[in-house]
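Summary of structural features
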Amino acid sequence: MSITRRSSIFDPFSLNLWDPFDGFPFNQSLLPFSRPSSSLSVPSDTSAFATAQIDWKETPEAHVFKADLPGIKKEEIKVEVEEGNVLQISGERVRENEEKTDTWHRVERSSGKFLRRFRLPENAKMGQIKAAMENGVLTVTVPKEEVKKPDVKSIEISG
């Protein structure tokens, strides 16, 4: 009697592994796991700049967005408002020129274009948005309109 392994996605003991990320154009070193078939490759110009991570916090006075964009100049970043209330942050990190004599051992820094959009709430003051770049961190501040407190009138109780 011989034991044979079937190659089926429904067979839990199959040796054929399905890779859901196979064929996607992103830098393999950014994955939280190692892929058995991955080899050293330089990302193409069309690869996504996946590390454009942005924090959004709300303070009593404003909505504050902070993006880590190391190595990108402020001239290479666009901060725009579209459709009246959509904040769009975009830019591009250009890949370094490769010299034919260079031997790459590891490529972990991503390159390419990035684009992030955020729908702002109604209380955002669109005309007063400010952006600043310091030490590779882009900070976009969107002031909020003051909340109008309803007028409360005390009624004297007789009797």
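Residues numbered from 1 in each chain as written. Predicted model: local features only at pLDDT ≥ 70, side-chain atom pairs only at ≥ 80, totals over all residues. Heavy atoms only, no water.

A look at the pattern of salt bridges
Two side chains that carry opposite charge are able to pair once their charged atoms sit near each other. Applying the stated criterion across every chain yields a total of 2 salt bridges. A salt bridge links Lys-144 to Glu-58; the nearest nitrogen and oxygen atoms lie 2.7 Å apart. Here the residue Lys-144 occupies a position in the segment after β7 (137–143), and Glu-58 occupies one in strand β1 (residues 54–58), the gap between them amounting to 86 residues. By relative accessible area, which is 52% here, Glu-58 ends up exposed. For the salt bridge of Glu-82 with Arg-117, the shortest nitrogen-to-oxygen distance reads 3.6 Å. Of this pair, Glu-82 sits in strand β3 (residues 77–82) while Arg-117 sits in strand β5 (residues 112–119), and the two are 35 residues apart along the sequence. Taking the relative accessible area as the measure of exposure, Glu-82 reaches 24% and is therefore partly exposed. (Salt bridge = Lys/Arg side-chain N within 4 Å of Asp/Glu carboxyl O. Helix = DSSP H or I, 4+ residues; strand = E, 2+ residues; numbered from the N terminus. Buried < 20%, exposed > 50% of the residue type's maximum accessible area, 1.4 Å probe, protein only.)

A look at the environment of Ala-52
Note on placement: Ala-52 falls in the segment before β1. Between the C-alpha atoms of Ala-52 and Lys-113, which are 61 residues apart in sequence, the distance is 9.5 Å. Those residues in contact with Ala-52 that lie beyond four places of it in its chain are Leu-69, Phe-114 and Arg-116. (Contact = heavy atoms within 4.5 Å.)

Let's talk about the sheet that holds β3
Strands in a sheet are paired, the pairing made by backbone hydrogen bonds, and the direction either parallel or antiparallel. Spatially, β3-β4-β5 is the arrangement adopted by the 3 strands of the open sheet, whose pairing is antiparallel. With partners counted over all chains shown, the strands left at the sheet margins are β3 and β5, one partner each. Taken over all neighbouring pairs, the strand axes of this sheet differ in orientation by 15° on average, direction set aside. In terms of strand pairing, strand β4 (residues 86–93) meets β5 through 8 bridges, oriented antiparallel. Its bridge partner lying in β5, Leu-87 is registered against Phe-118. (Pairing = 2+ DSSP bridges. Axes fitted to C-alpha atoms, helices over the stretch in contact; angles between N-to-C directions.)

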